[in-house]
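# Coordinate analysis (summary)
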Amino acid sequence: MKPIGIFDSGIGGLTVAKAIAIRLPHVPLIYFGDTAHLPYGERSPELIRHYASRISHHLRDQGCRIMVVACNSVSSNALHAVQDALGPKIPAIDVIAPVIQEVIKRFPGGRIGVIGTRATIESGRYQEALNGHGCEVTAMATPLLASAIEEGFHEGSVSDALLEAYLGKGTFDEVDALILGCTHYPLIASQIRAFLPDHVAVIDSSIVVANSVAEAMS
């Protein structure tokens, strides 16, 4: 059976890989974490496209049947480069489109918050798509979080201090849902949850994307 290819700039995409492994336990996976060039969220769109294209070529040559772009920075800035590298026979599933569809289904016309890397937020992909479906969007770049998580500073004082700086002012207190727009962020989802009112739903992309991969293979 041909494998599913999954890639990210580091360990964050493993949250997606884990969800896919649970959803499709008999399908082999190949995971590529580009730790040599992280964090992608602070790179230019041109560099992100360059890295994503090289990795996509590599995973294509390993015989992958589907490519999962388990990185919001790539999904928002370089999806076309991935598709060009793969060719027409290998589908690419990103981590943004499935989440947008899930959010507009669960919260039609709702107030939606998004946190992510600088590259993801500045791309405007979440904002434009959700605004186009009548949602009111509040977006914030949280550029230090992914690097801190990658270095192991989670479940502790460093990430709590960063979350206090980003979320402590109540920016997302009035939203219906907060999208974790970086695949690293589910690793500190419980800490993020603690900074939000109880009514705010936290949207983790990993399970949503795993379901999309399963549908693509059916």
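Our structure is the block above this text.
Presented here is an overview of the structure given in this document.

## What to know about helix α9 (residues 157-167)
Residue pairs spaced three or four apart in an α-helix point in one direction, given the helix's 3.6 residues per turn. For α9, the full list of buried residues reads S159, L162, L163, Y166 and L167. Taken down its axis, α9 places every buried residue within 105° of arc, on the same side. For α9, the exposed residues set more than 90 degrees away from the buried face come down to S157 and A165. Where α9 is buried, its residues contact β5 (111-116), β6 (136-141), α8 (145-150) and α10 (189-194).

## Considering empty space enclosed by the protein
Rolled over the atoms, a probe as big as a water molecule pinpoints where empty space is left. Evaluation of the coordinates by the stated rule reveals one cavity of 30 Å³ or more. Along its surface, the largest cavity is lined by 16 residues, and S9, T117, A146, C182 and H184 are the ones closest to its centre. Looking at the lining of the largest cavity, the elements that each hand over two or more residues are α3 (72-77) and α8. Top contributing element to the lining of the largest cavity by residue count: α8, with three residues. Class assignment of the residues belonging to the lining of the largest cavity gives a composition of six nonpolar, eight polar and two charged.

## As for the sheet that holds strand β7 (residues 177-181)
Read from one edge to the other, the open sheet built from four strands follows the order β6-β5-β7-β8, with strand pairing classed as parallel. Each edge of the open sheet carries a strand with a single partner, namely β6 and β8 (201-203). Across the sheet, the mean angle from the axis of one strand to that of its neighbour is 20°, orientation sign disregarded. Both β5 and β6 contribute to a ladder of six bridges, which runs parallel.

## A short note on the side chain of S159
Looking at where S159 falls in the secondary structure, it is placed in helix α9. Owing to a relative accessible area of 1%, S159 belongs among the buried residues under this scheme. Reaching out from S159, the side chain makes a polar contact with the side chain of Q191 at a distance of 2.9 Å.

## Things to note about the nonpolar core
Generally speaking, nonpolar side chains in soluble globular proteins are found buried as a group. I20, V68, L130 and I179 are the most contacted members of the largest nonpolar core, which totals 34 residues. With residues near it in sequence (within four places) discarded, V68 still touches I4, G5, I6, F7, V16, I20, I93, V209 and V213.

## Section: helix α5 (residues 97-106)
Taken together, the buried positions of α5 are P98, V99, I100, V103 and I104. Tucked into the core, α5 has its buried residues touching β4 (92-94), β5, α7 (125-132), β7, β8 and α11 (205-217).

## So, the pairing of strand β1 (residues 4-8)
Counting buried positions along β1 gives five out of five residues, so the element sits mostly inside the fold. The alternating pattern of β1 places I4, I6 and D8 on one face and G5 and F7 on the opposite face, and all of these are buried. Across five bridges, β1 lies against strand β2 (residues 29-33) in parallel orientation. When the sheet's bridge partners are listed, G5 is paired in β2 with I30. Of the crossover connections in this fold, the one passing from β1 over helix α1 (residues 14-23) to the parallel β2 is right-handed. Here four bridges tie β1 to strand β3 (residues 66-69), and the two strands are oriented parallel to one another. In the strand pairing of β3, I6 is matched with V68.

Quick notes on the rules
- Residues numbered from 1 in each chain as written.
- Predicted model: local features only at pLDDT ≥ 70, side-chain atom pairs only at ≥ 80, totals over all residues.
- Heavy atoms only, no water.
- Buried < 20%, exposed > 50% of the residue type's maximum accessible area, 1.4 Å probe, protein only.
- Helix = DSSP H or I, 4+ residues; strand = E, 2+ residues; numbered from the N terminus.
- Arc of directions from axis to C-beta.
- Contact = heavy atoms within 4.5 Å.
- 1 Å grid on protein atoms, 1.4 Å probe; cavity = no way out; pocket = protein on both sides within 12 Å on 5 of 7 lines; lining within 4 Å.
- Points joined across faces, edges and corners; volume = space filled by probe spheres on them.
- Nonpolar A, V, L, I, M, F, W, Y, C, P; charged D, E, K, R; others polar.
- Pairing = 2+ DSSP bridges.
- Axes fitted to C-alpha atoms, helices over the stretch in contact; angles between N-to-C directions.
- Polar contact = N/O pair within 3.5 Å; in protein donor to acceptor, adjacent residues only side chain to side chain.
- Core = buried A, V, L, I, M, F, W, Y, C linked by side-chain atoms within 4.5 Å.
- Right-handed = clockwise from strand over helix to strand, strands pointing away.

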